[in-house]
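Chains, contacts and geometry: an overview
Listed below, chain by chain, are the residues.
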Amino acid sequence: MKKISFRDDVLPLKNELFRLALRITLDKAEAEDIVQETMIKVWNRREDLAGIDSVEAFCLTICRNLALDKIKTAARRTSLRSAETTEAETTPDSSYMANPAEQAELKDRVRLIRDIIDSLPEKQRCVMQLRDFEGKSYKEIAAVLAISEEQVKVNIFRARQAIRQKFIETENYGL
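Here's a quick rundown of the structure. (Residues numbered from 1 in each chain as written. Predicted model: local features only at pLDDT ≥ 70, side-chain atom pairs only at ≥ 80, totals over all residues. Heavy atoms only, no water.)

1. Overview of the packing of helix α7 (residues 122-133) against helix α9 (residues 149-173)
The cut-off we apply is this: The axes are straight lines fitted to the C-alpha atoms, using for helices just the contacting stretch, and the angles between their N-to-C directions are given from 0 to 180°. Secondary structure elements follow DSSP: runs of H or I no shorter than four residues count as helices, runs of E no shorter than two count as strands, and numbering proceeds from the N terminus. Comment on the angle field: the value is read as roughly parallel under 35 degrees, roughly antiparallel over 145, roughly perpendicular from 65 to 115, and oblique elsewhere. In this analysis, two residues are considered to be in contact whenever any of their non-hydrogen atoms come within 4.5 Å of each other. Residues are grouped as follows: Ala, Val, Leu, Ile, Met, Phe, Trp, Tyr, Cys and Pro are nonpolar; Asp, Glu, Lys and Arg are charged; every other residue, Gly included, is polar.
With their axes 9 Å apart at the nearest point, α7 and α9 run at an angle of 100° to one another. Relative to α9, α7 is oriented roughly perpendicular. Here Lys123, Gln124, Val127, Met128, Arg131 and Asp132 of α7 come into contact with α9, specifically with Asn155, Ile156, Arg158, Ala159, Arg160 and Ile163. Its residues assigned to classes, the contact of α7 with α9 shows 5 nonpolar, 2 polar and 5 charged.

Below, the structure written as structure tokens:
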């Protein structure tokens, strides 16, 4: 059995856990709290970590469940994303565009896509986060969400289809 080190195996997952919690809660402060609670729960079960096949999937599952619990108790599923996004996140790369109008248009498109993703059902948002943003395999996603790999594929397909359809509608007809 593999010896699991909290410092080497669990702590490096904090950014990944934060992104997952943020994608679910849409609130930076809540996501930070959820990551902290996740780390505490994992720390309290550190003796059991050696018997777990995937520490990453274990941590992501705890994080996901805590985030869902926060949403249910606070009834905040449709709250807006915190305005504390970094400038680097919201500013498009201007190295290839000299035209400010093109930069503004790109920034609007990025914001539109984020809003569309945020409006997806929770399960579709989670699979999109884990697959497209975190690069997880279907098997890893299925383990984290406790669903079959086929359900993962279906949810990813439906999420991408919904995003594409809503984006095209908005681009063609405006907001």
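2. Examining α7
Cut-off, in case you're wondering: To estimate the expected span of a helix, count its residues, drop one, and scale the result by 1.5 Å. Exposed residues in this analysis have more than 50% of their type's maximum accessible area, buried residues have under 20%, and partly exposed residues fall in between, with area computed by a 1.4 Å probe over protein chains only.
Spanning 12 residues, α7 covers 15 Å between terminal C-alpha atoms, matching the ideal 16 Å at 1.5 Å per step. Inspection of α7 places Glu122, Gln124, Arg125, Cys126, Val127, Met128, Gln129 and Leu130 among the buried residues, and these make up the whole buried set. Trailing α7 by a residue or two, Gly135 shows a phi angle of about 75°, which is positive.

3. Section: the side chain of Thr38
Structurally, the position occupied by Thr38 is in helix α3 (residues 28-44). Those residues in contact with Thr38, other than ones at most four positions away along the chain, are Leu17, Cys59, Ile62, Cys63 and Leu66.

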